[in-house]
Structure formats: C-alpha cells, structure tokens
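Summary of structural features
Below, each chain spelled out in residue letters.
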Amino acid sequence: MLAAIALAVGAMIGFIQPGGNKNAMVVDKGSAPAAMPGVQVGGPYTLINQDGNEVTDKSYSGYKLVYFGFTMCPMICPTGLQKIAKTLDLMGRQGENITPILISVDPERDTPPVMKEYVKQFHPRLVGLTGSKEQIESVEKSYRVFANKVEDESSTEYSMDHSSFTYLMSPDGQLLGLYRDSDTAEFMADDIRKKIGG
Ligand code: NI
C-alpha cells in the first residue's frame, strides 16, 4: 500500500513538473515503480472555514478525506465530492469518524460564504476551507497540489486547472491513502476500511 502511495505521489510530482520525470506518470502501465523516499505529503496549515473562522490542521480530530478544488468547477470537483460523500455513506458508522474537507484552490472567488453554500450541497459534514492567496499556496505546496488559473477568451470568468486526488490523512496528519478520479466510492470505502481497521 505504501508502494501505491509512492507511485501516486510520483504521478503527482510528474504532474506538477512538466518536462520532469515522465516515467513517474505512467503508473497504470506497469512501469517500474519509482521509489519516493522522504516525500512528505501534507503538513500544518492555517485556513478559514466556511463560517469565517480560522482553523488549522489540528482543528479536526480523527481521520480526514481531503480534496482540493473550487466551487465554480463544472464537472471534476462535483463528481469528486459526490464520490467522497458516497464513500462515507458506504462506510456507515465508521464513516462518521472521518471528516471530509474541501480546500479551495480558488480563494479569490471562494470566500467563506461561497464555500458554505457549496459544501452543504454534497455532505452535511463537508468542511470548506479557503484563505489568503499565501495560505492556499502554502497548503497546495505541502500537499503537492497542482493548480493553475486558466483564462478563457470566450468568457469573462477564468477557470482552474487542478490535480484532483483525494487524500486519506491519519489523525496525526500522515498520508494513508491517495485516490484518483478513476477510483470508485466502493473501492475507496473498502480500501479505507482496511487502512483504518475494523
Ligand atoms: Ni475541479
């Protein structure tokens, strides 16, 4: 399982470094696993929740499922967040020990009130975190998230290109699992059960 995490982290690093080690990207094609010793994912953060209160990584006890996205995302984020909600539902009472967290990659538009309206569409316990540009850049960096503003000539609104992994974090902030868009809620629920025991 740790090897799988190393592979996925390798894919993420490949993703955030265009022109870098492309071998790290081909994780689905049976390429030799690139070990990622010492790669740390996650870490301390200070952000603002959907109620406008300052929170840190220590504010949520227990396990966490962390997703990075933005509220104006047309497709990927809603699908990912629905899948997280379904995963928790599938896990029943065990799912109640896991806090789902959305961290915005678009703090300019995702103010706390915008986040509040958004998160409640997906799950009653979904936490929506945003912050200053610097705070968001810092948390993106520690989670190795790729996020980039994309201007759209046909619209006055910009979009965001962003990586869309779901991170399973332990109560003490260690990365336990990393899930992709292609992983189903059933797979995630099963895998999370194995990782957190019971
Ligand atoms: Ni998105």
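Residues numbered from 1 in each chain as written. Predicted model: local features only at pLDDT ≥ 70, side-chain atom pairs only at ≥ 80, totals over all residues. Heavy atoms only, no water.

**So, the overall build of the chain**
The secondary structure content of the chain amounts to 5 helices and 9 strands. Moving toward the C terminus, one meets the helices and strands of the chain in the order α-β-β-β-α-β-α-β-α-β-β-β-β-α. Burial status across the chain gives 46% buried among its 198 residues. Considering only contacts within the chain whose residues lie at least 6 apart along the sequence, 70% involve residues at least 24 apart. Summing over all exposed atoms, the chain offers an accessible surface of approximately 10300 Å²; the carbon and sulfur share of this is 54%. (Helix = DSSP H or I, 4+ residues; strand = E, 2+ residues; numbered from the N terminus. Buried < 20%, exposed > 50% of the residue type's maximum accessible area, 1.4 Å probe, protein only. Contact = heavy atoms within 4.5 Å. Areas by Shrake-Rupley, 256 points an atom, 1.4 Å probe, with all protein chains shown as cover.)

**What about the environment of Leu126?**
Position of Leu126 relative to the elements: it lies in the loop between α3 (112–119) and β5 (127–129). Look at Leu126 and you get buried, because its relative accessible area is 5%. Each residue touching Leu126, except ones within four places of it in the same chain, is listed here: Gln50, Leu81, Pro100, Ile101, Leu102 and Val119.

**Overview of the coordination of the nickel ion**
Around the nickel ion, the protein supplies Cys73 (SG), Cys77 (SG) and His162 (NE2) as donor atoms, at distances of 2.0 to 2.2 Å. When the donors of the nickel ion are listed by position in the chain, the intervening gaps give C-x3-C-x84-H. A residue is classified by how much of its surface remains accessible, and Cys73, at 8% relative accessible area, is buried. (Donors = N, O, S within 2.8 Å, 3.2 Å for Na, K, Ca; no water.)

**Some points on the packing of helix α2 (residues 76–90) against helix α5 (residues 185–196)**
Two numbers describe a pair of packed helices, the interaxial angle and the distance between the axes. Axis separation between α2 and α5 bottoms out at 8 Å; the angle between their running directions is 50°. On the basis of the axis angle, α2 is oblique to α5. Where α2 crosses over α5, the handedness of that crossing is right-handed. For the pair α2 and α5, the contacting residues are Lys83, Lys86, Thr87 and Leu90 in the first and Ala185, Glu186, Met188, Ala189, Ile192 and Arg193 in the second. Class assignment for the residues of the contact of α2 with α5 results in 5 nonpolar, 1 polar and 4 charged. (Axes fitted to C-alpha atoms, helices over the stretch in contact; angles between N-to-C directions. Parallel < 35°, antiparallel > 145°, perpendicular 65-115°, else oblique. Left-handed = near helix turned anticlockwise from the far one by under 90°. Nonpolar A, V, L, I, M, F, W, Y, C, P; charged D, E, K, R; others polar.)

**Focus: the pairing of strand β3 (residues 63–69)**
Put simply, side chains in a regular strand alternate between the two faces of the sheet. By the criterion of burial, β3 is predominantly enclosed, with 6 of the 7 residues buried. In the classification by handedness, the crossover that spans β3, the intervening α2 and the parallel strand β4 (residues 98–104) is right-handed. As defined by bridge partners, β3 adjoins strand β8 (residues 166–169) across 4 bridges and the pair is classed as antiparallel. Pairing of Leu65 across the sheet is with Leu168, part of β8. (Right-handed = clockwise from strand over helix to strand, strands pointing away. Pairing = 2+ DSSP bridges.)

**Comments concerning α5**
For α5, spanning 12 residues, the distance from its first C-alpha to its last is 16 Å, which sits close to the expected 16 Å at 1.5 Å a residue. If you check which residues of α5 are buried, you get Ala185, Met188, Ala189, Asp191, Ile192 and Ile196. Here the buried face of α5 lies against β3, α2, β4, β8 and β9 (175–179). (Expected span 1.5 Å × (residues − 1).)

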